[in-house]
Amino acid sequence: MEPRIDLHLHTFHSDGTFSPEEVVRRARELGLSAISITDHDTVAGVPAALKAAADAAPAGSGRALEILPGVEMTVLFRDRELHVLGYGVRIEEPAFSAFLDRMREYRLDRIRKMVDRVREHGADVSCEEVLAISGPGTVGRPHLAEAMIRKGFVGSLKEAFDRYLGDNAPCFVKGATLTVPDAVRLIRDAGGVAVLAHPHRLVEDGWIPGLVEEGIQGIEAYHSDHPPAVAEKYRRMAGERGLLVTGGSDCHGMRKQKGPLIGSVSVPYERLERLRDAMRRLAA
Ligand code: AMP
Ligand code: ZN
Ligand code: FE
Ligand code: FE
């Protein structure tokens, strides 16, 4: 049987609901061979995932779960916000971690502005309530949406985004401060490979050549939001341009309606091998 992998997973260090340990436990139960922790603008969950995987299968025992350090960075392109995955980053690289520290502050400031806007629209939510939901993780819109749901201001996450928080909705404040070349430089200088996340959701096909010119090395073709024909389209686009292909479920634990998606997207193991080849070339 082909080894199974999932290269796009969130933890409670951003807007997932599982701890890194729980992600590792579930990945092992599902029999996955490799996973990547890709939280929004933070790598805080990576060390605990590495430790949990190492503790569960001590060296020499044969069946260790591979953990690929990752991050999902919020970036600006043509005045729209999109997501860039950084795989294989050295999480303690000073410039990289200094940037993520600033991003944490920026996200706090941004969520305060969004709370103000949502309050102007009549929702009785406070920043403290949102931060109680995000806990120690980087705060984001799903936490604010949950506060709005708890107050009965909206009935669902979907309603919160459709009416208030989505990228084109009235209470949205941009979460990105980085251009694509700056994000790529931060990732590469930390030894990582930059991959365009779930383009189907955020990216027009015509943008791909421009993104590649700005340093994007791969496309996340396999994703829980990509129907088979869409995944096939992105695999073809990547093939034509000699780009890497990656994939994962984008599991957020129990936050999203569909339940935990971990392991639900089938990604050929060979894609991880090509990704590791690219990481090795960078390190050489
Ligand atoms: P943020 O990092 O604050 O920009 O929030 C990003 C998170 O919001 C990601 O987990 C997205 O999947 C989620 N998100 C973005 N747009 C929507 C939407 N329209 N409906 C539900 N979730 C969304
Ligand atoms: Zn998220
Ligand atoms: Fe994303
Ligand atoms: Fe994600």
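In the block above lies the structure referred to throughout.
Here we summarise the structure given alongside this text. Because the structure is a prediction, the values reported are computed rather than measured. (Residues numbered from 1 in each chain as written. Chains lettered and ligands numbered in written order. Predicted model: local features only at pLDDT ≥ 70, side-chain atom pairs only at ≥ 80, totals over all residues. Heavy atoms only, no water.)

### As for the overall build of the protein
Phase 1 of the analysis: For the protein, the count of helices and strands is 11 helices and eight strands.
Phase 2 of the analysis: Radius of gyration (C-alpha) of the protein: 18 Å, near the 19 Å computed for a compact globule of 284 residues.
Phase 3 of the analysis: Counting only C-alpha atoms and orienting by the principal axes, one finds that the protein spans roughly 55 × 40 × 40 Å.
Phase 4 of the analysis: For the protein, long-range pairs separated by at least 24 residues make up 73% of all intrachain contacts whose partners lie at least 6 apart in sequence.
Phase 5 of the analysis: Taken as a whole, the protein presents about 12,300 Å² of accessible surface, with 51% of it coming from carbon and sulfur.
Phase 6 of the analysis: Computing the positive centroid from 38 side-chain charges and the negative centroid from 41, the protein places the two 2 Å apart. (Helix = DSSP H or I, 4+ residues; strand = E, 2+ residues; numbered from the N terminus. Rg over C-alpha atoms; globule rule 2.2 N^0.38 Å. Contact = heavy atoms within 4.5 Å. Areas by Shrake-Rupley, 256 points an atom, 1.4 Å probe, with all protein chains shown as cover. Lys, Arg positive; Asp, Glu negative; His and termini not counted. Charge placed at Lys NZ, Arg CZ, Asp CG, Glu CD.)

### What about the pairing of strand β8 (residues 244-248)?
Phase 1 of the analysis: Buried residues dominate β8, accounting for five of its five residues.
Phase 2 of the analysis: Judged by which residues are buried, β8 turns out to be covered on both faces: L244, T246 and G248 on one side and V245 and G247 on the other are all buried.
Phase 3 of the analysis: With five bridges joining them, strand β7 (residues 218-223) and β8 adopt parallel strand pairing. Residue pairing across strands places H223 opposite G248, the latter belonging to β8. (Buried < 20%, exposed > 50% of the residue type's maximum accessible area, 1.4 Å probe, protein only. Pairing = 2+ DSSP bridges.)

### Overview of the site of ligand 1
Phase 1 of the analysis: Neighbouring ligand 1 are the residues D15, H40, R107, R110, G140, R141, P142, F161, R201, H252 and K256.
Phase 2 of the analysis: One of the side-chain nitrogen or oxygen atoms of H40 is found 3.4 Å away from an oxygen atom of ligand 1.
Phase 3 of the analysis: In the environment of ligand 1, an oxygen atom lies 3.2 Å from a nitrogen or oxygen atom belonging to the side chain of R201.
Phase 4 of the analysis: Surface burial for ligand 1 is 83%, taken as the share of its 500 Å² of free accessible area covered by protein chains.
Phase 5 of the analysis: According to the grid-proximity analysis, the pocket containing ligand 1 is the largest pocket.
Phase 6 of the analysis: When contributions to the shell around ligand 1 are tallied by element, the ones reaching two or more residues are α3 (94-120) and α5 (141-150). (Near = heavy atom within 4 Å. Polar contact = N/O pair within 3.5 Å; in protein donor to acceptor, adjacent residues only side chain to side chain. 1 Å grid on protein atoms, 1.4 Å probe; cavity = no way out; pocket = protein on both sides within 12 Å on 5 of 7 lines; lining within 4 Å. Sits in = over half its atoms within 2 Å of the grid points.)

### Describing the layout of surface pockets
Phase 1 of the analysis: By volume, the largest pocket amounts to about 870 Å³.
Phase 2 of the analysis: No other element matches helix α6 (residues 157-165), which puts four residues into the lining of the largest pocket.
Phase 3 of the analysis: Each residue belonging to the lining of the largest pocket can be placed in one class, and the counts come to seven nonpolar, 13 polar and 14 charged. (Points joined across faces, edges and corners; volume = space filled by probe spheres on them. Nonpolar A, V, L, I, M, F, W, Y, C, P; charged D, E, K, R; others polar.)

### Looking at the coordination of the iron ion (ligand 4)
Phase 1 of the analysis: Binding of the iron ion (ligand 4) to the protein goes through H8 (NE2), H10 (NE2), E72 (OE) and D250 (OD), at separations of 2.0 to 2.2 Å.
Phase 2 of the analysis: Coordination at the iron ion (ligand 4) is irregular: its four donor atoms span angles of 76 to 164 degrees at the metal.
Phase 3 of the analysis: Of note, the donors binding the iron ion (ligand 4) are all from one chain and are spaced H-x1-H-x61-E-x177-D.
Phase 4 of the analysis: Take D250: its relative accessible area is 4%, and that puts it in the buried class. (Donors = N, O, S within 2.8 Å, 3.2 Å for Na, K, Ca; no water. Tetrahedral: all angles 85-135°; square planar, octahedral: opposite > 155°, others 65-115°.)

### Examining the coordination of the iron ion (ligand 3)
Phase 1 of the analysis: Summarising the metal site, the iron ion (ligand 3) is bound by the protein donors E72 (OE), H83 (ND1) and H198 (NE2), whose distances to it range over 2.0 to 2.2 Å.
Phase 2 of the analysis: Each donor residue of the iron ion (ligand 3) belongs to the same chain, with the gaps between them written as E-x10-H-x114-H.
Phase 3 of the analysis: The metal-metal distance between the iron ion (ligand 3) and the zinc ion (ligand 2) is 5.7 Å. Within this pair, whereas E72 is found in strand β3 (residues 66-77), its partner H83 is found in strand β4 (residues 80-87), the two being separated by 11 residues in sequence. Just as E72 is buried, H83 falls in that class too.

### A word on the packing of helix α4 (residues 127-134) against α5
Phase 1 of the analysis: Running from N to C, α4 and α5 point in directions that differ by 115 degrees, and their axes come no closer than 8 Å. α4 and α5 meet at a crossing whose hand is right-handed. Every residue of α5 that contacts α4 at V130, I133 and S134 is listed here: H143, L144, E146, A147 and R150.
Phase 2 of the analysis: For the contact of α4 with α5, the class distribution of residues is four nonpolar, two polar and two charged. (Axes fitted to C-alpha atoms, helices over the stretch in contact; angles between N-to-C directions. Left-handed = near helix turned anticlockwise from the far one by under 90°.)

### Observations concerning the side chain of S249
Phase 1 of the analysis: By secondary structure assignment, the location of S249 is in the loop between β8 and α11 (269-283).
Phase 2 of the analysis: Engagement of the side chain of S249 in a polar contact is seen with the side chain of D6, the distance being 2.7 Å.
Phase 3 of the analysis: Here the side chain of S249 touches C251 through a polar contact of 3.2 Å, landing on its backbone nitrogen.
Phase 4 of the analysis: Excluding anything up to four places from it in sequence, S249 contacts D6, H8, L9, H223, S224, L261, I262, G263, S264 and V265.

### Regarding the side chain of D250
Phase 1 of the analysis: Tracing the chain through its elements places D250 in the loop between β8 and α11.
Phase 2 of the analysis: Only 2.7 Å separates the side chain of D250 from the side chain of H8, close enough to count as a polar contact.
Phase 3 of the analysis: Not counting chain neighbours up to four residues away, the residues in contact with D250 comprise H8, H10, E72, H198, R201, H223, S224 and L261.

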